[in-house]
Every structure is written in structure tokens, then in C-alpha cells.
Amino acid sequence: MLDNQLTAGGEISLAEQAYRHLRDKLIMLDIRPGEAINDGKLAAEMGIGRTPVREALKRLESDHLVVSYPRRGTFATIVDITELADVSELRETLEPLAARRAAKAATPAIREELRETAAAIAMMDATDDPYALMRYDMKVHRLIYRAAGNAHLEDVLIRYDNLATRIWCMVLEKVPSVAGHISEHIELLQAIADGDSERAGKLAFDHVSSFEEAIRSVL
């Protein structure tokens, strides 16, 4: 976490809180693509001032989740399915890199967290709310990125995972098994926790590839 995301007391700043809140709403399409964003209304909903919300929106614009137009305002970006190939190409290179690094660099505490997360996924019900499952999917990916121990790689991967998740959410009702997609993480998390970098890299590549295949199958 970057220093400017924290207050002097070590707590998450209001701007960071606003950023995370809005980012997740945009990713999960709670704020619909193309929808106008009213910073005053959002600030009131969150019980904070407009300044941290505006700071958050600036960051979200660099993440390609919102776009601002002079004299028109700020809008949630459109989800462009044609970007799927480009996003997948980058993730097929970077996700295996993160998985291999995590297998080598993860601390004992994180390895235990990886094993616990794998066990929790194994207990999930296939009938669970698909949107809840996708939120869990994001959590799992962020755990792997954190385990890799490279803040720059983590930042880039979070950005592309966000874009990929938005694409997934556009077709979520058509995808036959979200739970099946989530369950692919079990072996991956176990491989990372066991320190098997080559297997972790292969499983990460296969996971990203199957994501793209699942999307294309319902387009």
C-alpha cells in the first residue's frame, strides 16, 4: 500500500476509502457502464466530503473505469468486449509471473492464508450468488498478487483484473458455471503455498485462458 493512502495514524485515508468503494461498484457494474457519476451524491451517500470523492475519481480515470468530459461530467466507462483479447494477452503473461513469484516469495503467514482460502473455496456451494462468487474471485487474485511481493506488478495486475471482471460481469447471467471458474483457484493456491513455482505458473496461465474461452462461448 502506498504511503499517501494512509493517514498519519496509519488508517486508510478517506480518498482511499472512496476509491475502493467506487472501484468495486464500477467493477461489479453496480454503477452501470455509461452512467453519469455525481460526486456530490456519492459524497452524501458515503458520509464524506466531495474532495476525497473527486480524488478517487481521478484515480479511477487512470484505471479506465471512469471518463470525464469538459462541461459534461464524469461517466462510468463502457465495457468494450473487443478489449477481451488484449486484456487476456497481458494477463496470460503477468498472472503466471505473479503466481511463480508468489510460490517463491510468499511468507509462511501468507502460505497459510493461501491454504485456508483454497479450503474455503472447496466448501463453496455452486448455487451461491454469482456476483458474490465474483467478488470472492477478486479477493483471491489480490491475495496472489500480494503474495508475489512486487508492488508494481500488483498494481498492474489489479488494474487488468478489474477490467477482466467487468467484462465477465457483463455476461455473468449467461456463463454456465461461475463456481467452476472459482474452483480452478484451489489447485493454484495449493501450488503457490507448496512453493511449486512451475506448476503455479502453468495453472495461472490455464485459468486466464479458460476465462477468455468461457466469455467467448457466450458472446
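Since the structure is predicted, the reported quantities are computational estimates derived from the model, not experimental observations.

1. Things to note about helix 5 (residues 108–122)
- Here helix 5 spans 21 Å end to end across 15 residues, near enough to the 21 Å set by a 1.5 Å rise per residue.
- Residues of helix 5 that are buried: Ile110, Arg111, Leu114, Thr117, Ala118 and Ile121. The buried residues of helix 5 occupy an angular sector of 120° when the element is viewed end-on, so they sit on one face. Turned more than 90 degrees off the buried face of helix 5, the exposed positions are Pro108 and Ala109.
- On its buried face, helix 5 sits against helix 4 (84–105), helix 6 (130–148), helix 8 (178–183) and helix 9 (185–193).

2. Details of the side chain of aspartate 137
- Relative to the elements of secondary structure, aspartate 137 occurs in helix 6.
- Despite being buried, aspartate 137 has no salt bridge partner; arginine 91 is the closest side chain of opposite charge, sitting 6.0 Å away.
- Here histidine 181 takes part through its side chain, which lies 3.4 Å from a polar atom of the side chain of aspartate 137.
- What aspartate 137 contacts, discounting residues up to four positions off in sequence, is His181, Ile182, His185 and His207.

3. Concerning the environment of valine 218
- With respect to the secondary-structure elements, valine 218 resides in helix 10 (residues 197–218).
- For valine 218, a relative accessible area of 16% puts it in the buried group.
- Along the backbone, valine 218 and arginine 199 are 19 residues apart, and their C-alpha atoms lie at a distance of 29 Å.
- Setting aside anything within four residues of it in sequence, one finds valine 218 in contact with Val171, Lys174, Val175 and Pro176.

4. Points about a negative patch on the surface
- A cluster of acidic residues, Asp80, Glu83, Asp86 and Glu89, forms a negative patch on the protein surface.
- Tracing the chain through its elements places aspartate 80 in the loop between strand 3 (73–76) and helix 4.

5. What about unusual backbone geometry?
- Of note in the backbone geometry, leucine 29 takes a positive phi value of approximately 65° without being a glycine.
- The topology assignment puts leucine 29 in the loop between helix 1 (14–27) and strand 1 (36–37).

6. Concerning the sheet that holds strand 1
- Spatially, three strands are ordered 1-3-2 in an open sheet, and the strand pairing comes out antiparallel. At either end of the open sheet lies a strand with only one pairing partner, and these are strand 1 and strand 2 (66–69).
- In the sheet, strand 2 pairs with strand 3 via four bridges, with the strands oriented antiparallel. Bridging across to strand 3, serine 68 finds its partner in threonine 74.
- Taken strand by strand, helix 3 (residues 50–62) contacts strand 1 and strand 2, and its axis lies near 110° from that of strand 2.

7. Comments concerning the pattern of salt bridges
- One pass over the structure, following the stated rule, counts 14 salt bridges.
- Linking aspartate 39 and arginine 54 is a salt bridge whose minimum nitrogen-to-oxygen distance equals 2.8 Å. With aspartate 39 in helix 2 (residues 39–46) and arginine 54 in helix 3, this pair connects stretches of sequence that are 15 residues apart.
- Residues glutamate 95 and arginine 91 are paired through a salt bridge, measuring 3.3 Å at the closest nitrogen-oxygen approach.

8. Observations concerning the packing of helix 5 against helix 9
- Look at helix 5 against helix 9: their axes get within 9 Å of each other, and the N-to-C directions meet at 160°. Taken as axis vectors, helix 5 and helix 9 run roughly antiparallel relative to one another. Here the hand of the crossing between helix 5 and helix 9 comes out left-handed. Between helix 5, through Arg111, Leu114, Arg115, Thr117, Ala118, Ile121 and Ala122, and helix 9, the contact on the second element is made entirely by His185, Ile186, Leu189, Gln190, Ile192 and Ala193.
- Across the contact of helix 5 with helix 9, the residue classes break down as eight nonpolar, three polar and two charged.

What counts and what doesn't
Residues numbered from 1 in each chain as written. Predicted model: local features only at pLDDT ≥ 70, side-chain atom pairs only at ≥ 80, totals over all residues. Heavy atoms only, no water. Helix = DSSP H or I, 4+ residues; strand = E, 2+ residues; numbered from the N terminus. Expected span 1.5 Å × (residues − 1). Buried < 20%, exposed > 50% of the residue type's maximum accessible area, 1.4 Å probe, protein only. Arc of directions from axis to C-beta. Contact = heavy atoms within 4.5 Å. Lys, Arg positive; Asp, Glu negative; His and termini not counted. Salt bridge = Lys/Arg side-chain N within 4 Å of Asp/Glu carboxyl O. Polar contact = N/O pair within 3.5 Å; in protein donor to acceptor, adjacent residues only side chain to side chain. Patch = residues over 30% accessible without salt bridge, like charges linked within 9 Å, V, L, I, M, F, W, Y side chains within 5 Å. Areas by Shrake-Rupley, 256 points an atom, 1.4 Å probe, with all protein chains shown as cover. Charge placed at Lys NZ, Arg CZ, Asp CG, Glu CD. Pairing = 2+ DSSP bridges. Axes fitted to C-alpha atoms, helices over the stretch in contact; angles between N-to-C directions. Parallel < 35°, antiparallel > 145°, perpendicular 65-115°, else oblique. Left-handed = near helix turned anticlockwise from the far one by under 90°. Nonpolar A, V, L, I, M, F, W, Y, C, P; charged D, E, K, R; others polar.

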